[in-house]
Amino acid sequence: MDVRSDDGPATDAAALWRLTLEHSPIGMALVDLEGRVMLVNPAFAEMLGRDPQAMRGLHFSEITYSDDVADDVDQFTRAVSGETGSYRVRKRYLRSDGAVVWADLSVGVVRDGSGQPQHLIAQVLDITEQHEAEQRLAAAVAETERERQTLAAVFETVGVGLLLIDAEGRYQRMNRRHRETMSLPFPEGHAGAAGQLGHVYHLDGHTPLSREEMPSYRAAQGEEFTDYRYWVGDDPLTRAAFTTSARQVRSPSGERLGAALAYQEITDLLRALRVKDQFVSSVSHELRTPLTAVLGHLEMLCEDEELPGDVRQRLQVVRRNADRLRSLVSDVLLVARAGEVGLEMERSDVDLVRLVREAVEAARPGAERTGLDLTARTPGRLVVRVDERRVRQVVDNLLSNAVKYTEAGGSVRVTLRLAAGAVELEVADTGIGIAADELGAVFTRFFRGAAATARHIPGTGLGLEITSSIVGAHGGSVAVSSEPGGGSVFTVTLPA
Ligand code: ADP
């Protein structure tokens, strides 16, 4: 067969081989039986940054990285001796500039007609980049594995119970801590599906959580929540309190994979809070009795016409302050009682219109002193079964706040109405308003707004907490909308 090349007419097989060697992108070399280079092609010389002519006569060990010489020599010897005849290794060559080149080397022995070895032919593929990529991959895999083990260790050792559920609410994985605490709510075992009912109770300690209220069920429905508190366990003496948070787990493309739940035990905290409430409530109770006696006597003294005018004036000051002290003590007592045992209600049929009008008239002198316009809009009559004393306290609190936090010339508007089967009481003012980031906190204990403290407006931060406990105990709710400088609207909704 004739083969043509660019530089001439038909060539013979030897010339063809020379051409192939010359143009091959793969490194090639002929090596004599001692291991000395007879011939290298340009690809191989270039790979090692050397001159092809200068490589002639070099022993292959001279261009091999020192650590790989022994193995290469061993394989070479076994091939020449006929034991193997050929071999393939991954080895390192040395470039002329001292750099290391990773190579995939295949060597075969060329024999003559009688089977005598003549020389060896080597093919060398530069795999430095591939090798480096493999190294990086191996390092990444090792790093991932280390990370996985660290995470697994953390997962197992933290004092917080951890649970992973899939998108259908099936339990995927839980740590040791969570496994340990499962027997309290589920003494008969758990089937591994979110929403199983057990001995799980609301903070009142006796109303069981419904399926929809179970934390795992809520998380399985796609909800996220923080600090969801409840009690678990049948026996009040050994039961434990937990707070749970849930976050949804999504794939990088946003698909919902499931949820992660963290369960922290807060039994000691809740018991300590209860002890604190008991303590506060008994101290306040003890304070109230002597204060009532002091106030009774003060009242009598203030009415005594025989006392000199300046003495009576001073007694009035003492009486006002003692009165303030009594109302403070009652507020603290009420908050502590609500936390300890819940508020006990004394319900009767009450006309809210009368109650609101009385409260407005009681607030009027204070409003007039600050130059406020105080108005009330009510229907003719609205009878509801409530605890009269406590609901009056709600109206008084909202009204006194509205008056307290509104500057001279402003107005306070009270509206009572029946809307969609519920009673709505709205107290709107044109006062200093509440900052957006404080709105969520105004109903918490001892919270005082920055604007209130900056203006030195007196207060304890208890009024709105009391308001919301009383409204809550009636099965109602209280909401606020406000803007700094734009006034506030508090709306109480009570079931009619
Ligand atoms: P107190 O009035 O004793 O501080 P409250 O619990 O009644 O306690 O109110 C809590 C906080 O909410 C107040 O300190 C104040 O910052 C804010 N606040 C309540 N009512 C109003 C209102 N009508 N206008 C503006 N701020 C209010």
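As annotated in an unreviewed UniProt entry, the protein chain carries the name histidine kinase and is attributed to Nocardioides marmotae.

A. Region of the structure containing the pattern of salt bridges. In this structure the tally under the stated criterion is 30 salt bridges. The partner of aspartate 277 in a salt bridge is arginine 445, with the nearest N and O atoms 3.5 Å apart. With a gap of 168 residues between them, aspartate 277 in helix α8 (residues 267–302) and arginine 445 in the loop between β16 (422–429) and α12 (450–454) connect regions that are remote in the sequence. Taking relative accessible area as the criterion, aspartate 277 reaches 6% and is therefore assigned buried. Classification of arginine 445 by relative accessible area gives partly exposed; the value is 29%. The residue arginine 312 makes a salt bridge to glutamate 305 at a minimum N-O spacing of 3.8 Å. Residue class for glutamate 305 comes out exposed when judged on its relative accessible area of 65%. Overlapping salt bridges bring together Arg354, Glu358, Glu388, Arg392 and Asp396 as one network.

B. Highlighting empty space enclosed by the protein. Enumeration over the complete set of coordinates arrives at 3 cavities of 30 Å³ or more. A volume near 190 Å³ is recorded for the largest cavity. Lining the largest cavity are 17 residues; nearest its centre among them are His178, Pro185, Phe186, Tyr230 and Tyr263. If you list the elements that add at least two residues to the lining of the largest cavity, you get α6 (176–181), α7 (215–220) and β9 (225–232). Split by residue class, the lining of the largest cavity holds 11 nonpolar, 6 polar and no charged. By volume, the second largest cavity amounts to about 140 Å³. If you trace the second largest cavity, you find 17 residues lining it, with Val31, Phe60, Tyr93, Leu105 and Ala122 closest to the centre. Sorting the residues of the lining of the second largest cavity by element identifies β1 (27–31), α4 (66–80), β3 (86–94), β4 (100–111) and β5 (117–126) as the ones contributing at least two each. The element that contributes the greatest number of residues to the lining of the second largest cavity is β5, accounting for 4 residues. Classifying every residue of the lining of the second largest cavity gives 15 nonpolar, no polar and 2 charged.

C. Expanded view of the pairing of strand β18 (residues 488–495). Pairing analysis gives 7 bridges linking β16 to β18, with the strands arranged antiparallel. Counted as the bridge partner of glutamate 426 is threonine 491 from β18. Sheet topology places strand β17 (residues 477–482) next to β18; 6 bridges connect them, and they run antiparallel. Bridge pairing in β18 links serine 482 to serine 488.

D. Summary view of the site of the ligand. Taken together, 20 residues sit near the ligand, with Asn401, Tyr405, Arg448, Thr460 and Leu464 positioned nearest. Measuring from an oxygen atom of the ligand, one finds a backbone N or O atom of threonine 460 at 2.8 Å. With respect to the ligand, the backbone of glycine 461 contributes an N or O atom lying 3.0 Å from an oxygen atom. When the ligand is considered free in solution it has 520 Å² of accessible area, and contact with the protein chains removes 97% of it. Listed by contribution, the elements that provide at least two residues to the shell around the ligand are α11 (388–404), α13 (463–473) and β18. Here the residues of the shell around the ligand are counted per class, giving 9 nonpolar, 8 polar and 3 charged.

E. Representation of the sheet that holds strand β13 (residues 373–377) within the structure. With mixed pairing, 5 strands are arranged side by side in an open sheet as β13-β15-β16-β18-β17. What marks the edges here is a single partner per strand, and that holds for β13 and β17. In this sheet, adjacent strand axes meet at a mean angle of 10° when their direction is disregarded.

F. Local environment of the sheet that holds strand β7 (residues 171–174). Ordered by their spatial adjacency, 6 strands build an open sheet running β7-β6-β11-β10-β9-β8, and the pairing between neighbours is antiparallel. Where the open sheet ends on each side, the last strands, each with one partner, are β7 and β8 (200–201). Here 6 bridges tie strand β6 (residues 161–166) to strand β11 (residues 256–265), and the two strands are oriented antiparallel to one another. When the bridges of β11 are listed, isoleucine 165 appears paired with alanine 259. Seen against the sheet, α8 touches β9, β10 (240–250) and β11 and runs at an angle of roughly 75° to β9.

G. Seen up close, helix α9 (residues 309–340). The terminal C-alpha atoms of α9, which comprises 32 residues, lie 46 Å apart, in line with the 46 Å expected from a rise of 1.5 Å per residue. Considered for burial, the residues of α9 that qualify are Leu315, Ala322, Val329, Asp331, Leu333, Leu334, Val335 and Ala336. The inward-facing, buried residues of α9 contact α8, α11 and α13. Positive phi shows up at glycine 342, right after α9, with a value of about 85°.

H. The layout of surface pockets, seen in detail. Volume-wise, the second largest pocket comes out at about 440 Å³. As for the second largest pocket, its lining consists of 18 residues, and the residues nearest its centre are Leu203, Asp277, Ala338, Gly339 and Arg445. The biggest single contributor to the lining of the second largest pocket is α8, with 5 residues. Tallied by class, residues from the lining of the second largest pocket come to 8 nonpolar, 4 polar and 6 charged.

Quick notes on the rules
Residues numbered from 1 in each chain as written. Predicted model: local features only at pLDDT ≥ 70, side-chain atom pairs only at ≥ 80, totals over all residues. Heavy atoms only, no water. Salt bridge = Lys/Arg side-chain N within 4 Å of Asp/Glu carboxyl O. Helix = DSSP H or I, 4+ residues; strand = E, 2+ residues; numbered from the N terminus. Buried < 20%, exposed > 50% of the residue type's maximum accessible area, 1.4 Å probe, protein only. 1 Å grid on protein atoms, 1.4 Å probe; cavity = no way out; pocket = protein on both sides within 12 Å on 5 of 7 lines; lining within 4 Å. Points joined across faces, edges and corners; volume = space filled by probe spheres on them. Nonpolar A, V, L, I, M, F, W, Y, C, P; charged D, E, K, R; others polar. Pairing = 2+ DSSP bridges. Near = heavy atom within 4 Å. Polar contact = N/O pair within 3.5 Å; in protein donor to acceptor, adjacent residues only side chain to side chain. Areas by Shrake-Rupley, 256 points an atom, 1.4 Å probe, with all protein chains shown as cover. Axes fitted to C-alpha atoms, helices over the stretch in contact; angles between N-to-C directions. Contact = heavy atoms within 4.5 Å. Expected span 1.5 Å × (residues − 1).

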